[in-house]
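An overview of the molecular structure
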Amino acid sequence: MAAITRFSKHLAISHVRGCLYSASAAAAAESNSHAPSPIGIYKITRRDPSERNVQWVFLGSPGVGKGTYASRLSTLLGVPHIATGDLVREELASSGPIAKQLTEIVNQGKLVSDEIIISLLSKRLKAGEAKGESGFLLDGFPRTINQAEILEGVTDIDLVVNLRLPESVLIEKCLGRRICGQCGKNFNVASIDVKGLNGSPGISMAPLLPPSSCMSKLVTRSDDTEQVVKERLRIYNEKSRPLEDYYRNQGKLMEFDLPGGIPESWPKLLEALNLDEFEERQSVAA
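The text that follows walks through the structure, step by step, so that each part is easy to find. Treat the numbers as computed from the prediction; the structure is a model and nothing was measured.

How each quantity is defined
- Residues numbered from 1 in each chain as written.
- Predicted model: local features only at pLDDT ≥ 70, side-chain atom pairs only at ≥ 80, totals over all residues.
- Heavy atoms only, no water.
- Helix = DSSP H or I, 4+ residues; strand = E, 2+ residues; numbered from the N terminus.
- Buried < 20%, exposed > 50% of the residue type's maximum accessible area, 1.4 Å probe, protein only.
- Contact = heavy atoms within 4.5 Å.
- Areas by Shrake-Rupley, 256 points an atom, 1.4 Å probe, with all protein chains shown as cover.
- Core = buried A, V, L, I, M, F, W, Y, C linked by side-chain atoms within 4.5 Å.
- Disulfide = S-S within 2.5 Å.
- Salt bridge = Lys/Arg side-chain N within 4 Å of Asp/Glu carboxyl O.
- Pairing = 2+ DSSP bridges.
- Axes fitted to C-alpha atoms, helices over the stretch in contact; angles between N-to-C directions.
- Parallel < 35°, antiparallel > 145°, perpendicular 65-115°, else oblique.
- Left-handed = near helix turned anticlockwise from the far one by under 90°.
- Phe/Tyr/Trp six-rings, centres within 6.5 Å; stacked < 30°, edge-to-face > 60°.
- Expected span 1.5 Å × (residues − 1).
- Arc of directions from axis to C-beta.

Helix and strand counts for the chain stand at 13 helices and 10 strands. Burial status across the chain gives 45% buried among its 286 residues. Once local pairs closer than 6 in sequence are excluded, the contacts in the chain between residues at least 24 apart make up 74%. When the accessible surface of the chain is split by element, carbon and sulfur atoms take 53% of a total near 14500 Å².

Written out as structure tokens, the structure is:
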């Protein structure tokens, strides 16, 4: 059974959208409401939770699937999914001033510096507010307590979802990742079947294979080598895991052990977030 912190069943979707915001967070918002923003010169407009959409953070080791689940929730809830990994890749593909520096950092499996991430995120948040976006799902930020404190200085976080998988599964998943060099879509050739031991549940993940038109065009990301993947996990455990305690102490952390791939995990994650009935109503309305 997935290890989760479950919200009470009586919580309606309106409560999920607005009231996953503790008294301590409200106090922090009040105390920071006049503080200068450390993210460049840009300051996000603080809004009452009842007047905006959810503002959630997704935590988890590299390769756990933060982007996949955040993207699905983004579509379900109608909020933007902001993945700092995507922001970094967009910058890498550009001729921007920090592209060369980023290339060296990513190929070595190291974490991108706070200054670079904050610069990229600041630009994205500014563009979103100008377009009238409400709420967000942050994927890949914050990664350190320092970044979390910076984030608190400019906006409020309602909930932090921590997705978990065993390290052996994470390594196998990362080494199985493939990208079609023509269409750019992501696939995974790994077939994972871990038997449950000593009362712990097993984990089964079917491969996500490409269509025949993409099969001969598959490429592996330059940073998806076993050495680099293990280094990314080591850095994550050393520097990012303290974030769990940081948000746990604020009462904002929801931990979720993925029981398998998307077919097995998605319904259980919605249930943990008390969004299963909301998805059913959305499907009927569509």
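We now examine the nonpolar core. Of all hydrophobic cores here, the largest spans 35 residues; its most connected members are W56, L73, L163, L273 and L275. Those elements that place two or more of their residues in this core are strand 1 (55–59), helix 3 (66–77), strand 4 (159–164), helix 8 (167–175), strand 8 (203–205), helix 10 (226–240), strand 10 (253–257) and helix 12 (262–272). Broken down by element, the residue count for this core peaks at five residues, all from helix 3. Counting residues in hydrophobic clusters, the runner-up holds 27 residues, among them V57, I82, L87 and L125.

This part covers the state of the cysteines. Under the counting rule described, the total for this entry stands at zero disulfides. Take C183: it sits in no disulfide, and the sulfur closest to it among the cysteines is that of C180, at 3.6 Å.

Glancing now at the pattern of salt bridges. A complete count under the given rule lists 18 salt bridges for this structure. With a closest N to O distance of 3.2 Å, R232 and D223 form a salt bridge. Comparing R232 with D223 shows no difference in burial state: the two are buried. Ionic pairing is found between R232 and D224, a salt bridge with its closest N-O pair at 3.3 Å. Pair check on accessibility: R232 and D224 agree, each one buried. Connected through shared salt-bridge partners, R164, D245, R248, E255 and D257 make up one network.

Quick look at the sheet that holds strand 6 (residues 186–188) now. Taken together, the three strands give an open sheet; going across it, the order is 6-5-9, and neighbouring strands pair in antiparallel fashion. With partners counted over all chains shown, the strands left at the sheet margins are strand 6 and strand 9 (218–219), one partner each. By the bridge criterion, three bridges tie strand 5 (residues 177–180) to strand 6 in an arrangement that is antiparallel. Residue pairing in the sheet places I179 in a bridge with N186 of strand 6.

Relative to each other, helix 4 (residues 84–92) and helix 5 (residues 99–107) sit at 125 degrees, their axes nearing to 8 Å. Of the possible angle classes, the one that applies to helix 4 and helix 5 is oblique. Judged by the twist between their axes, the crossing of helix 4 over helix 5 is left-handed. Of helix 5, the residues touching helix 4 (which contributes V88, E91 and L92) are A99, L102, T103 and V106.

Our next topic: the packing of aromatic side chains. Following the criterion strictly, the structure yields one aromatic pair and no others. Plain terms: the ring middles of Y246 and Y247 are 5.2 Å apart, the flat faces sit at 80 degrees to each other, and that makes the pair edge-to-face. The burial state of Y246 is the same as that of Y247; both residues are buried.

Two numbers describe how helix 7 (residues 145–152) lies on helix 11 (residues 242–249): the axes approach to 9 Å, and their chain directions differ by 40 degrees. Here helix 7 lies oblique to helix 11, going by the angle between them. Contacts from I145, A148, E149 and E152 in helix 7 reach P242, L243, Y246 and Y247 in helix 11.

Position of S213 relative to the elements: it lies in helix 9 (residues 212–215). Note: C-alpha distance between S213 and Q182 (31 residues apart in sequence) is 9.7 Å.

For the rest of this paragraph, the subject is helix 10. Spanning 15 residues, helix 10 covers 20 Å between terminal C-alpha atoms, matching the ideal 21 Å at 1.5 Å per step. Here helix 10 has its buried residues at V228, V229, R232, L233, I235, Y236 and S240. On an axial view of helix 10, the arc spanned by its buried residues comes to 165 degrees, and they lie on one face. If you follow the buried residues of helix 10, they end up packed against strand 1, helix 5, strand 4, helix 8, strand 5 and helix 11.

On to the sheet that holds strand 3 (residues 136–139). The five strands lie next to each other as 2-3-1-4-10, forming an open sheet whose pairing is parallel. If you trace the sheet from one side to the other, it starts and ends with strand 2 (81–83) and strand 10, each paired once. The average undirected angle you get between the axes of adjacent strands in this sheet is 20 degrees. For strand 4 and strand 10, the ladder comprises five bridges, and the chain directions are parallel.

Distances and angles like these do not, on their own, reveal function.
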